[in-house]
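# Inside the fold
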Amino acid sequence: MLRYTLKRLISLMISLAVASVVIFAVIEVAPGDPASFMLGVNAQEDTLAALRAELGLDVTKVQRYLNWVGGMMVGDFGTSYTYRTPVSQMITDRLWVSLPLALYALTLSTAIAFPVGIYAAARRGRPGDLTVMGATQLGIAVPNFWFAMMLVLIFAINLPWFNAGGFAGWDKGFWTGMHSLTLPAIALALPQAAILARVMRSSLLDILGEDFMRTARAKGLSRRQALWRHGVRNALIPVLTIIGLQFSFLLAGSIIIEQVFYLPGLGRLVFQAISARDLIVVESVVMLLVFAVITVNFLVDLAYAAVDPRLRSRT
Amino acid sequence: MSLLEVNNLSLSIHGTGILKQVSLSIAPGQIVAVTGESGSGKSMTALAVMQLSPNGAEIDGALQLNDLSLLNCSEADMCALRGASIGMVFQEPMTALNPVNTIGDQVMETILIHKAMPPKQARARAEEVLTRVGLPPDQFPLSRYPHELSGGQRQRVVIAMAIALRPKLLIADEPTTALDVTTQAQILELLKGLVTEYNMGLLMITHDLAVVADMADQIVVMRHGEVVESGATGHILKHMQHPYTRMLFEASGHQVSLPEPAKSRPLLEVTNVIRDYRLPRKRLFDTPEHHRAVDHVSFALNRGERLGLVGESGCGKSTLTKAILGLEDVQGGTIRLDGQLVFSGHKPNLAVRRKMQVVFQDPYGSFNPRHRVARLVTEPFYLLDSPPTGSERQDRIAEMLTAVGLTPDDMGKYIHEFSGGQRQRIAIARALIIRPELILFDEAVSALDVSVRAQILDLLAELCEAYDLTYLFISHDLSVVRTITDRVMVMRAGKIVEEGDTESVFSDPQHQYTKNLINAAPKLPDIGQIVA
């Protein structure tokens, strides 16, 4: 298990290194000098040079790459070209909204999907299953911003339980913060839950047809006992894969929901940075997201091994 | 007083009759073998006793376990009986265990689910039964996972689970079909011992009549969901009445007579062949180790000769087959067909490839289901520079289909319209259509029912007569190899340990391993004379 973890960890490091080179190279290829973009076409040559030095643009590309990576290691992501504030500060502020929102939505979607998927699999072909299949089909087909608008209409306008948008901030207490993230989290979670429930169902159905499920029944386990004791854990591998993918999506892909609820999240930050050609912000956020995705994959790999002993012994 | 009494059991699934008026009975300490070909309903009978029939099954008749009528039991009652009073062992040990739980947990589960003992005692009992089935905890700790065990060892775990609570009745559904002969002999010995020791009744489902004759006190022969004949083993073997029973026994020991092989020069020459597989690295920067699957194998196959290759699973016979076919490169030695190398450089030599064809084991998996027979059979034409076209092509297809006992009309059909035996005929037609110089039969009759197997063996003998076939027949089934080959090689752990004329190897084996193999193989009693 230790060897497996180490191997995964090394592969994580290599992926991160490769990703940082690719991201840096791609952003460098993009035309335009940030300094002249900031100062406009009529800028003086010496002002430009000064700004370049200030922004750290006056050294070789290799040196700039090393500065960028070295800075990130100690939490220094550079200074935003447009806002003239440290990028790390901007990202941290947004991350305090996006990360809890993603986790909240993921928890909700898992909490909905597991019981629903297991319920449907246990009742294959019967009305309960058909209802679930219909509902999840709808959940996948309907875009999440529509759910968002409906939630606002019902729970913020007709019933004054939640605010229609905005984020209260964590300084007013944990529950106040969670309260303002609830509607967005639900809107994000519903389509994800629909996908996850279907994956859970089909994965479990595959397992239910396995020989060892019949063995379990022959031992005297009831259908329900066999399902819970031998079915669910074996069905988890594909489900974990999807959960990993969903988390990455929830972290960065929630821009529409952030827009609907006026949340100061990462998605909106990237959107604004791209519009303003604030390349250093884009670069940093992309790198952060890559880091998140790779880390989540690493955790999913560890979860695989925890679930399936066959992966542990395979070195 | 019998332990299990099955009386006029009928079972239908969604209105289709599967079992019709099946009756049998088992006394404590008795072994009753239910036998028959696929589709005879023997497994369904076992599942019906367990009340684990598929959804939609309707059961009629009587199932009596001691004084208890199983058909009147509720599902909860049956759960209490399964595992405690009735244990069951299945065919496929590789998949019968949950891969994510330890073997100790799985054996203990049988005990704990019935709340038969507190966990500590359950653990002790699990160790005890695992020791009894030949897996002592000092060598096979309870913390092992199924994937760390071999097929035979897994089957022992399945048996340990089934007998942990000393059930009165044990049902074994083809318990040794997926195992090698030497392992099979050990498992059968274990089952026999358990029956005597615990005074259990054993309901054994098997298609293998040699196993039946060897093990059973009573035989029940089934066909199409009906019992055609039943009685004490000795009696049935001497006085079998029903023609189906006779046909089964005759087909099981079916012999064919091959034409005399032509004495001629070697066609296939295998010299010092080595095939290594790289094993995963133990540590990150270690040089990976290798597993030598084929170890300095040399032999020659003469034109017109029928050569057998026998050995247990993992001995390297399939690897050697792949190397001969040019599907995988070798790490040492040479393979020549008709003087030409099968591998030139590291690429398979197409000029040689077209002189060889192969027939595989699985008649269901080895055809593309979306192609018609005509296209399936003519696939080897792709190897030719100028394949026949138009009416010549049609003639060749018709000729081949006729040669293997089908009709030319079959060329427009899809593969799902054929039975397993017919599919294997199509596979043979596909192999023969470009008149290859060498055919490889890789377990080509192993998946077939005995009656179908007998027909295919007859067909091979006929084709030998008509086309002067040269083939390498790879099989784990010694009785088949004995009748269908002139010469045989015995392979073990990548090496050929014995080679010689088939008849002399079988009647007077020299190597200890060959002797073990032949002794372990269950033998059909000599009923040929009685029946004739």
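Values in this document were obtained by computation on a predicted structure and should not be read as measured data.

### Overview of the overall build of chain B
- Within chain B, the secondary structure is distributed over 19 helices and 22 strands.
- Relative to a compact globule of 532 residues, whose C-alpha radius of gyration would be 24 Å, chain B shows 25 Å and is just as compact.
- With the C-alpha coordinates of chain B rotated into their principal frame, the extents come out at 75 × 60 × 45 Å.
- Relative to its 532 residues, chain B shows a buried fraction of 44%.

### Here we look at the pairing of strand S21 (residues 487-492) of chain B
Residue and element names in this part refer to chain B.
- Judged by how many residues are buried, S21 sits mostly within the fold: five of six residues are covered.
- One ladder, built from four bridges, connects strand S13 (residues 306-310) with S21; its direction is parallel. Across the sheet, residue glycine 308 finds its bridge partner in S21, namely valine 488.
- Relative to strand S22 (residues 495-501), S21 runs antiparallel, the two being bridged by six bridges. Note on S22: the bridge partner recorded for methionine 491 is isoleucine 496.

### Concerning the interface of chain A and chain B
- Counting residues at the interface gives 21 residues for chain A and 28 residues for chain B.
- Those elements that place two or more of their residues in the side of chain A that touches chain B are helix H9 (211-218), helix H10 (223-252) and helix H14 (309-313) of chain A.
- Ranked by the residues each element gives to the side of chain A that touches chain B, the list is headed by H9(A), at six residues.
- Grouping the constituent residues of the side of chain A that touches chain B by class yields five nonpolar, six polar and ten charged.

### Description of unusual backbone geometry
- The phi torsion at Tyr262(A) lies on the positive side, around 55°, for a residue other than glycine.
- Unusually for a residue other than glycine, Asn272(B) sits at a positive phi of about 50°.
- Within the fold, Asn272(B) resides in strand S11 (residues 266-278).

### Concerning the sheet that holds strand S10 (residues 226-232) of chain B
Residues and elements named next belong to chain B.
- Pairing is mixed across the open sheet formed by six strands, whose spatial order is S6-S7-S8-S3-S9-S10. Looking along the sheet, the strands with just one partner apiece sit at the ends: strand S6 (86-89) and S10. This sheet shows a mean twist of 15° between the axes of neighbouring strands, independent of strand direction.
- Judged from the four bridges that link them, S6 and strand S7 (residues 169-173) form a sheet pairing that is parallel.

### Notes on the domain arrangement of chain A
All names here are of chain A.
- Taken as a whole, chain A is organised into domain 1 (2-59) and domain 2 (88-313).
- A separation of 32 Å is found between the C-alpha centroids of domain 1 and domain 2.
- If you look at the interface, domain 1 gives 14 residues, while domain 2 gives 14 residues.
- It is helix H1 (residues 2-29) that contributes the most residues to the side of domain 1 that touches domain 2, ten residues altogether.
- Looking at the side of domain 1 that touches domain 2 residue by residue, the class counts come to nine nonpolar, four polar and one charged.

### Quick notes on the environment of Arg229(A)
Residue and element names in this part refer to chain A.
- You can see arginine 229 is positioned in helix H10.
- C-beta crowding within 10 Å serves as the criterion here: with 16 such atoms nearby, arginine 229 is assigned to the partly exposed category.
- Distance in space between the C-alpha atoms of arginine 229 and alanine 216 is 9.0 Å, their sequence separation being 13 residues.
- Not counting the four nearest positions on each side in its chain, arginine 229 is found in contact with Ala216 and Leu221.

### Focus: the packing of helix H12 (residues 266-275) of chain A against helix H13 (residues 279-307) of chain A
Residues and elements named next belong to chain A.
- It is the contact of H12 with H13, at a shortest axis distance of 8 Å, that shows an interaxial angle of 145°. Judged by the twist between their axes, the crossing of H12 over H13 is left-handed. Residues Leu266, Leu269, Val270, Ala273 and Ile274 of H12 touch H13, and the partners they reach there are Val281, Val282 and Val285.
- Across the contact of H12 with H13, the residue classes break down as eight nonpolar, no polar and no charged.

### A look at the pairing of strand S4 (residues 57-65) of chain B
- Inspection of the sheet shows strand S1 (residues 4-13) of chain B paired to S4(B) by eight bridges, in the antiparallel sense. Bridging from a neighbouring strand, Ile13(B) pairs with Ala57(B) of S4(B).

How each quantity is defined
Residue numbers run consecutively from 1 along every chain, following the written order of its sequence. For this description, chains carry letters from A and ligands carry numbers from 1, given in the order in which they are written. Where totals are concerned, whole chains, interfaces and linings use all residues; where local detail is concerned, this predicted model gives features only for residues with pLDDT of at least 70, and gives and counts side-chain atom pairs only at 80 or more. In DSSP terms, a helix is any run of H or I states spanning at least four residues, a strand is any run of E spanning at least two, and both are numbered starting from the N terminus. As a reference, a globule follows 2.2 Å times the number of residues to the power 0.38, and the radius of gyration itself is taken over C-alpha atoms. The exposure scheme places C-beta atoms from the backbone and then counts, for each residue, the other C-beta atoms within 10 Å of its own, assigning buried at 20 or more, exposed at 12 or fewer, and partly exposed in between. Strand pairing requires that DSSP identify at least two bridges connecting the strands. Residue pairs are scored as contacts if the distance between their C-beta atoms, which are placed from the backbone, is within 7 Å. Basically, the charged four are Asp, Glu, Lys and Arg, the nonpolar ten are Ala, Val, Leu, Ile, Met, Phe, Trp, Tyr, Cys and Pro, and anything else, Gly included, counts as polar. Lines fitted to C-alpha atoms define the axes here, with helix axes fitted over just the stretch in contact, and angles between the N-to-C directions of these axes take values from 0 to 180 degrees. Note that the domain bounds were set by an automatic or database domain assignment. For any pair of crossing helices, the crossing counts as left-handed if the nearer helix is rotated counterclockwise from the farther one by less than a right angle, and right-handed if it is rotated clockwise.

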